[in-house]
Structure formats: C-alpha cells, structure tokens
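This is what each chain is made of:
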Amino acid sequence: MNLEVLADSGLPWPGETKFKMSPQKKEKLFVAMSGGVDSLTAAALALEQGFIVTGIHFYTGFEPPATKSQYAATLKKAADFLGIKLVTVDISAD
C-alpha cells in the first residue's frame, strides 16, 4: 500500500503527530521516503526512539510527470502527520 491509497482511504490526517516520542537524543537521522508504508514506519520508529528525523525524497525522472505533484502533496501530508521536515531532491536529467 502506498501513501496515495492511504490518502484516498478517508482516514484522518491530524495536524499533530500521535506518536509517543522519547526525549530527543539530538542525533539526526535522514529517512529516504518513497511514499510507501515501509519508509513511513521507519520514520515513525526513529521518532519513537528520540531521533531528530528528516524525510528525504528523490525525484529520479522515472516517475510519470503527473505523479510528481501528487507525490509531493502526499509526502508533505505524511511528513506533517509525523511532525518531521521533508526535503525533496530532483536528480532527474534535464
């Protein structure tokens, strides 16, 4: 299941995270976010362990053009839900 399916499922996306977080370790961690459940779970588990998490997503150019904006909106919604910063990097060839 990917984020698009979750976003269309009608599940609420609250403005605040519901994850129980440990006191911050002050250690930073980047999580590669594909839009799938695995990467979101990894980010949530890292938050629970007290890491300062930043999500990162790479646009490779292999995505259909129409999905780039859809993924951007969906990933932003997920990052907001988790309470993390999201960085997107376009590495596609021009």
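Residues numbered from 1 in each chain as written. Predicted model: local features only at pLDDT ≥ 70, side-chain atom pairs only at ≥ 80, totals over all residues. Heavy atoms only, no water.

**Q** With reference to specific residues and values, describe the pairing of strand 2 (residues 52-59).
**A** Of all eight residues making up strand 2, six are buried, and the element is well covered by its neighbours. Examined bridge by bridge, strand 1 (residues 28-32) and strand 2 share five bridges and lie parallel to one another. Looking across to strand 2, one finds that valine 31 is bridged to glycine 55. Between the parallel elements strand 1 and strand 2, the chain passes through helix 2 (residues 37-48) in a crossover that is right-handed. Across six bridges, the pairing between strand 2 and strand 3 (residues 85-90) is parallel. Residue pairing across strands places histidine 57 opposite threonine 88, the latter belonging to strand 3. (Buried < 20%, exposed > 50% of the residue type's maximum accessible area, 1.4 Å probe, protein only. Helix = DSSP H or I, 4+ residues; strand = E, 2+ residues; numbered from the N terminus. Pairing = 2+ DSSP bridges. Right-handed = clockwise from strand over helix to strand, strands pointing away.)

**Q** If you had to explain helix 2 to someone new, which residues and values would you point to?
**A** Between the first and last C-alpha of helix 2 there are 16 Å, a value that for twelve residues agrees with the 16 Å anticipated at 1.5 Å per step. Ser39, Leu40, Ala43, Ala44, Ala46 and Leu47 are the residues of helix 2 that are buried. Taken end-on, helix 2 shows its buried residues confined to a sector of 160°, consistent with a single buried face. Positive phi appears at glycine 50, one or two residues downstream of helix 2, with a value of about 95°. (Expected span 1.5 Å × (residues − 1). Arc of directions from axis to C-beta.)

**Q** Residue-level account of the sheet that holds strand 1, with values.
**A** Across the sheet, three strands lie side by side as 1-2-3; this open sheet has parallel pairing. Taken across any chain shown, the strands that pair with only one partner, and hence form the sheet edges, are strand 1 and strand 3. Each strand axis lies, on average, 30° off the axis of its neighbour in the sheet, ignoring direction. Relative to strand 1, helix 2 is tilted by about 165°, and along the sheet it contacts strand 1 and strand 2. (Axes fitted to C-alpha atoms, helices over the stretch in contact; angles between N-to-C directions. Contact = heavy atoms within 4.5 Å.)

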